[in-house]
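# Fold and geometry: a report
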Amino acid sequence: MRRQLVAGNWKMNASSEMTGSLLTGVLENLPADRDIAVFPPFPYITQAVAETAGTPVMVGAQNVAAEESGAFTGEVSAAMLADIGCSMALVGHSERRALYGERDYDVLVKVRQLMANGITAVVCVGETIEQRKAVREESVVSEQLSLLIAELSNADWEKIIIAYEPVWAIGTGETATPEQAQAMHAFIRSELKKVSDTVAEKTRILYGGSVKAASAAELFSQPDIDGGLVGGASLDAAEFTAICRA
Ligand code: PEP
């Protein structure tokens, strides 16, 4: 049985005060039957780790360097993330793919860095609206997963979560219908069978893209949807809490 996870991606939004008040709100209303994670910007990770210490809330990073260490100005390594208490990191978010040129190979290399440091990778995949209109959504997502499927072992997959985030639904207010999301999640699960039936059965697949409290319950009740990756709505403690409990 897969345990559901609701994760909040704060993107480049935070301050010390906001980190404190958001986490206070989340901690006051934690659901018992679900995992909860937050992904603050780098400067607020240490604060978030301290404020969630002794609670079930996990803290993750929004990105990680592809390299181990050295002359890579501005980069943050997986070892550093582990050192400050991060247990998860996003990889291949569509904003990183579109704005910073992150490719599937970079995603694989970053996943390997995270694994070497015991950090769970939340790998984001998803098609653009043009690709969906051309009925290419499955082939696009299949391609985004293919290197991971080819290169990673069964044991590696214990440290991977997939987030299906259709690009056309991210930050747009337009959510995939539960049927559209379920169909893609079932497809992703069938792709994971190429690794093994166990990996297909055990890997958590989150949905992301304009999830709100009003849409969360129906999305999360689909058989292959194991929770959500929430952007904008995770910046409002009451809304995020309602999603966490949906
Ligand atoms: C995201 O950035 O991962 C995301 C899903 O954003 P939003 O919920 O704002 O669409």
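Quantities reported herein were computed from a predicted structural model and do not represent experimental measurements. (Residues numbered from 1 in each chain as written. Predicted model: local features only at pLDDT ≥ 70, side-chain atom pairs only at ≥ 80, totals over all residues. Heavy atoms only, no water.)

### Thoughts on the overall build of the chain
- For the chain, the helix and strand inventory stands at eleven helices and eight strands.
- A globule of 246 residues ought to have a C-alpha radius of gyration of about 18 Å, and the chain, at 17 Å, matches this closely.
- With respect to the principal axes defined by its C-alpha atoms, the chain has extents near 45 × 45 × 35 Å.
- Here the chain, with 246 residues, has 53% of them falling under the buried criterion.
- A total accessible area of about 10,700 Å² is found for the chain, and carbon and sulfur atoms account for 52% of it. (Helix = DSSP H or I, 4+ residues; strand = E, 2+ residues; numbered from the N terminus. Rg over C-alpha atoms; globule rule 2.2 N^0.38 Å. Buried < 20%, exposed > 50% of the residue type's maximum accessible area, 1.4 Å probe, protein only. Areas by Shrake-Rupley, 256 points an atom, 1.4 Å probe, with all protein chains shown as cover.)

### Concerning unusual backbone geometry
- In this structure, K11 is a non-glycine residue whose phi angle is positive, near 50°.
- Turning to its location among the elements, K11 is positioned in the loop between β1 (5–9) and α1 (16–28).
- Not every positive phi belongs to a glycine, and V135 is a case in point at roughly 55°.
- Of the residues examined, V135 reaches a relative accessible area of 67% and is grouped as exposed.

### Concerning the layout of surface pockets
- Of the volumes computed, that of the largest pocket is approximately 410 Å³.
- Along its surface, the largest pocket is lined by 15 residues, and K11, M12, Q62, R96 and Y100 are the ones closest to its centre.
- Ranked by residues supplied to the lining of the largest pocket, first place goes to helix α4 (residues 94–100) with four residues.
- Each residue belonging to the lining of the largest pocket can be placed in one class, and the counts come to eight nonpolar, four polar and three charged.
- Considered as a void within the structure, the second largest pocket measures approximately 250 Å³ in volume.
- Forming the walls of the second largest pocket are 14 residues, and the residues nearest its centre are W157, E158, I160, K202 and T203.
- Counting residues per element, the lining of the second largest pocket draws most heavily on helix α9 (residues 197–202), which supplies three residues.
- Of the residues contributing to the lining of the second largest pocket, the split by class is five nonpolar, four polar and five charged. (1 Å grid on protein atoms, 1.4 Å probe; cavity = no way out; pocket = protein on both sides within 12 Å on 5 of 7 lines; lining within 4 Å. Points joined across faces, edges and corners; volume = space filled by probe spheres on them. Nonpolar A, V, L, I, M, F, W, Y, C, P; charged D, E, K, R; others polar.)

### A word on empty space enclosed by the protein
- Applying the stated criterion to the full structure yields one cavity of 30 Å³ or more.
- Around the largest cavity, the lining residues are G92, H93, S94, R97, C124, V125, G126, E165 and V167.
- Counting residues per element, the ones that place at least two in the lining of the largest cavity are α4 and β5 (120–125).
- The residue inventory of the lining of the largest cavity, partitioned by class, reads three nonpolar, four polar and two charged.

### Here we look at the packing of aromatic side chains
- Applying the stated criterion to the full structure yields one aromatic pair.
- Directly above the ring of Y100 sits R96, whose terminal nitrogen or CZ lies 4.3 Å from the centroid. (Phe/Tyr/Trp six-rings, centres within 6.5 Å; stacked < 30°, edge-to-face > 60°. Lys NZ or Arg CZ within 6 Å of the ring centre and 35° of its normal.)

### So, the sheet that holds strand β6 (residues 160–164)
- Pairing is parallel around the closed barrel formed by eight strands, whose spatial order is β1-β2-β3-β4-β5-β6-β7-β8. The average undirected angle you get between the axes of adjacent strands in this sheet is 25°.
- In terms of strand pairing, β1 meets strand β2 (residues 35–39) through five bridges, oriented parallel. Note on β2: the bridge partner recorded for V6 is I36. (Pairing = 2+ DSSP bridges. Axes fitted to C-alpha atoms, helices over the stretch in contact; angles between N-to-C directions.)

### A few points about the side chain of N63
- Within the fold, N63 resides in the loop between β3 (58–61) and α3 (78–83).
- Residue N63 is classed as buried on the basis of its relative accessible area, which comes to 11%.
- Among the polar contacts listed, one links the side chain of N63 to the side chain of K110, at a separation of 2.8 Å. (Polar contact = N/O pair within 3.5 Å; in protein donor to acceptor, adjacent residues only side chain to side chain.)

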